[in-house]
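# Descriptive analysis of the structure
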Amino acid sequence: MLYTCSPQCTDPSHHHGGAKRARTAALSLPRAATSTRPARGSRPPVVDVHCHYLNPAVAAAASDLDVGQHDPSVIYANALTRETNVAQMKERAPKLTGIDQRLDDMERMGIDIQAISPAPFQYFYFAPPERGAALARQVNEGIAALVAQTPERFVGIGSVPLQNAELAVQELDHAVGRLGLRGVEINTNVNGLNLTDPRLGLEPFFARADALGAVIFLHPVGFSEGARLTDHYFNNVIGNPLDTTVAVSHLIFDGVVARYPNIKFIAAHGGGYVGHYWARMDHAWRARADCRTVIDQLPSSYLKTFYVDTMVFDPQMLRHLVDLFGAERVLLGTDYPYDMGEDRPRELIAAVQGLTADEVAQIEGLNAVKLLHITPAP
């Protein structure tokens with residue numbers, strides 16, 4: 001979920017001044033290749049793969065871009081939703097922009113390590129390409145700096161300027177290869193275009209991500225055609241998982257997953273709706289030639305290569321994801337620090353019927369340790 005208050009807002013009651021610790025990283029930042037929190041007792045570390053950071057310096061640098069005009073979560077929202085989100089900004093900005101409250105909350109939630117990714121409205125795909133690349137660089141170096149301050153508790157996931165494939169490749173190399181970030185977060189569309197749309201020309205980006213074996217965290221910013229979703233916060237409640245469903249489906253049916261099997265895709269919010277209605281895709285692939293234009297295997301066979309987080313709020317739904325994807329592809333996630341997040345993730349996992357102790361350990365952290373190349377401290 002995203003705050004709908006514009007990042008350049010200067011209303012002092014909204015407390016945007018947030019993070020005293022947010023600093024821009026230099027290009028020579030060291031890799032935090034062994035960053036983890038020591039396991040409590042004999043258990044493995046608990047890792048949260050879905051948590052966000054808003055960089056105040058980046059918001060200031062982008063203040064002339066009028067981010068809200070390009071944000072579906074603002075565009076397709078009624079007055080009450082906007083008011084509620086401004087109130088949320090006032091309450092939660094210190095959690096989103098700083099470290100101290102974040103660390104306190106991690107202790108309370110039983111989280112040892114956070115994989116911190118950008119607040120999604122800091123994608124800046126709408127900006128001119130060179131400007132978007134500069135902002136993505138600032139986002140990534142800010143996250144690297146945050147990780148460097150407390151490397152035993154944080155690892156980083158960065159951003160790339162998807163409005164230009166060449167620049168996206170360059171920033172992917174910088175984020176992963178030089179800054180030591182563990183992957184990148186991308187939106188589920190680019191300015192309303194599907195990730196596989198030929199007009200974007202993102203094939204080189206996916207090819208480079210495949211060569212690196214990169215983690216790509218798919219995180220939506222509402223549904224890009226959300227005119228019917230303005231009330232009841234529907235463009236988050238319904239629109240976020242819907243846009244993820246569309247993105248995952250295109251990545252499968254347009255062959256990206258088949259062509260680039262080394263990319264580790266994580267689909268936020270339990271992967272959207274596709275994991276709960278995959279059989280319809282398989283039926284269509286069997287029944288219709290227009291569903292077999294690219295892929296030569298059942299869509300569900302590609303779907304099962306995705307990772308999903310635990311952000312489904314219900315133990316029966318989480319049980320279904322474990323049954324479909326396998327415990328080895330389900331990752332603890334909280335959507336910290338937003339109000340649509342899961343505040344008691346370990347209790348949710350513990351409520352899932354039939355999980356073995358090994359499966360619980362996988363979901364709570366071991367899968368993320370492997371996926372994000374975290375080396376547990378002795």
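Read on for an overview of the structure. All figures in this text were calculated on a predicted structure; none of them were measured in a lab. All residue numbers refer to position in the chain's written sequence, counted from 1. Reporting in this predicted model follows two pLDDT cut-offs: at least 70 for local features of residues, and 80 or more for side-chain atom pairs to be given and counted; totals over whole chains, interfaces and linings ignore these cut-offs and use all residues. The side-chain quantities take in all heavy atoms of the structure and omit both hydrogens and water.

### Examining helix α13 (residues 315–325)
Only protein chains enter the area calculation, which uses a 1.4 Å probe; residues under 20% of their type maximum are buried, those over 50% are exposed, and those in between are partly exposed. Only DSSP runs of H or I with at least four residues qualify as helices, and only runs of E with at least two residues qualify as strands; both kinds are numbered from the N terminus onward. Considered for burial, the residues of α13 that qualify are L318, R319, L321, V322, L324 and F325. Contact between two residues is taken to exist if any of their heavy atoms lie within 4.5 Å; hydrogens are not considered. Packed against the buried residues of α13 are α11 (278–287), α12 (299–303), β7 (307–309), β8 (330–331), α14 (345–350) and α15 (357–371). In protein, a polar contact requires one atom able to donate a hydrogen and another able to accept it; more generally it is a pair of N or O atoms within 3.5 Å, and residues adjacent in sequence count only if both atoms are side-chain atoms. The N-capping residue of α13, defined by a side-chain oxygen 2.9 Å from the backbone nitrogen of Q316, is D314. Once α13 ends, the next one or two residues include G326, with phi positive near 90 degrees.

### Details of the layout of surface pockets
A probe as big as a water molecule, rolled over the atoms, marks out the empty space that is left. A cavity, in this analysis, means grid points on a 1 Å lattice covering only the protein atoms where a 1.4 Å probe fits yet has no way out; a pocket is instead an open set bounded by protein on both sides within 12 Å along at least five of seven lines, and a residue lines either one if it has an atom within 4 Å of a point. Grid points are joined across faces, edges and corners, and a volume is the space filled by probe spheres set on the points. One number sums up the size of the largest pocket: a volume of about 310 Å³. In terms of lining residues, the largest pocket is bounded by 20 residues, among which H70, D71, P72, N187 and N191 are the most central. Three categories are distinguished: nonpolar for Ala, Val, Leu, Ile, Met, Phe, Trp, Tyr, Cys and Pro, charged for Asp, Glu, Lys and Arg, and polar for the others, with Gly belonging to the last. The residue makeup of the lining of the largest pocket, split by class, is 11 nonpolar, 8 polar and 1 charged. Taken as a whole, the second largest pocket holds about 250 Å³ of empty space. Considering the residues around the second largest pocket, the lining is formed by 14 residues, among which V237, P241, H269, M311 and F313 are closest to the centre. For the lining of the second largest pocket, the secondary structure elements donating two or more residues are α8 (234–237) and α9 (239–253). Looking at the lining of the second largest pocket residue by residue, the classes come out as 9 nonpolar, 4 polar and 1 charged.

### Re the packing of helix α5 (residues 129–149) against helix α6 (residues 165–178)
To define axes, lines are fitted to C-alpha atoms, for helices over the stretch in contact only, and angles between the resulting N-to-C directions are given on a 0 to 180 degree scale. Packing of α5 against α6 leaves a shortest axis separation of 10 Å and a crossing angle of 15 degrees. Relative to α6, the element α5 lies roughly parallel. Crossing geometry of α5 relative to α6 is assigned as right-handed. For the pair α5 and α6, the contacting residues are P129, E130, A133, A136, R137, N140 and E141 in the first and L167, E171, H174 and A175 in the second. Our angle categories are set so that under 35 degrees counts as roughly parallel, over 145 as roughly antiparallel, 65 to 115 as roughly perpendicular, and the remainder as oblique. Note on convention: the crossing is left-handed when the near helix lies turned anticlockwise from the far helix by less than a right angle, right-handed when the turn is clockwise.

### Describing the packing of aromatic side chains
Each aromatic ring pair is summarised here by two numbers: the centre-to-centre distance and the angle between the ring planes. For Phe, Tyr and Trp, rings pair up if their centres lie within 6.5 Å, where Trp contributes its six-membered ring, and each pair is then called stacked (planes under 30 degrees apart), edge-to-face (over 60) or tilted (otherwise). Considering all chains together, one arrives at 5 aromatic pairs under this definition. Measuring from ring centre to ring centre gives 6.2 Å for F124 and F126, while their planes differ by 65 degrees; the resulting arrangement is edge-to-face. Members of the aromatic cluster, connected to one another through ring pairs, are F205, F206, F265 and F306. For a lysine, the NZ atom is tested; for an arginine, the CZ atom; a charge sits over a ring if that atom is within 6 Å of the ring centre and within 35 degrees of the ring normal. Over the ring of W278 we find K304; its NZ or CZ atom is 5.9 Å from the centre of that ring. Note that R329 overlies the ring of Y307, its terminal NZ or CZ placed 4.6 Å from the centroid.

### Quick word on the nonpolar core
Side-chain atoms within 4.5 Å are what join buried Ala, Val, Leu, Ile, Met, Phe, Trp, Tyr and Cys residues into a set we call a nonpolar core. Counting 88 residues, the largest nonpolar core has F205, F206 and F306 as its most contacted members. Among the nonpolar cores identified, the runner-up in size contains 17 residues, and V49, V215, I266 and I374 belong to it.

### Thoughts on unusual backbone geometry
A negative phi angle characterises most non-glycine residues, just as the trans form characterises most peptide bonds. Geometrically, the link from Y336 to P337 is a cis peptide bond, its omega value of 5 degrees lying close to zero. With respect to the helices and strands, P337 occurs in the loop between β8 and α14. Its identity is not glycine, yet F124 carries a phi of approximately 65 degrees, on the positive side. Looking at where F124 falls in the secondary structure, it is placed in the loop between β2 (113–118) and α5. Of note, D335 is a non-glycine position whose phi angle comes to about 60 degrees, a positive value.

### What about the pairing of strand β6 (residues 264–267)?
For strand β5 (residues 215–218) and β6, the ladder comprises 4 bridges, and the chain directions are parallel. Within the sheet, the bridge partner assigned to V215 lies in β6 and is K264. Across 2 bridges, β6 lies against β7 in parallel orientation. What sits directly across from I266, in β7, is Y307. Two strands make a pair as long as DSSP finds a minimum of two bridges between them.

### Section: the pairing of strand β1 (residues 47–53)
Among the 7 residues of β1, 7 are classified as buried, and the element is accordingly described as predominantly covered. Here β1 pairs with β2 via 5 bridges, running parallel. Paired with V47 across the strands is I113, a residue of β2.

### With respect to the sheet that holds β1
Taken in spatial order, the 3 strands line up as β1-β2-β3 in an open sheet, and their pairing is parallel. Each edge of the open sheet is held by one strand with a lone partner, namely β1 and β3 (154–156). Along the sheet, successive strands turn relative to each other by an average axial angle of 35 degrees, direction set aside. As paired strands, β2 and β3 are joined by 3 bridges and run parallel to one another. By the bridge assignment, I116 is partnered in β3 with G156. Against the sheet, helix α4 (residues 100–109) contacts β1, β2 and β3, and its axis sits at roughly 135 degrees relative to β2.

### Some points on the sheet that holds β8
Pairing is parallel across the open sheet formed by 5 strands, whose spatial order is β4-β5-β6-β7-β8. The sheet is open, and its two edges are formed by β4 (184–186) and β8, each paired on a single side.

### Topic: the pattern of salt bridges
Within this document, salt bridges are pairs made up of a side-chain nitrogen of Lys or Arg and a carboxyl oxygen of Asp or Glu, the two lying within 4 Å of each other. Tallied over the full model, the rule gives 14 salt bridges. With a closest N to O distance of 2.8 Å, D323 and R319 form a salt bridge. Taken together, the positions of D323 and R319, both in helix α13 and 4 residues apart, correspond to about one turn of that helix. What you see here is one network of salt bridges that share partners, running through K95, D105, R108 and D343.

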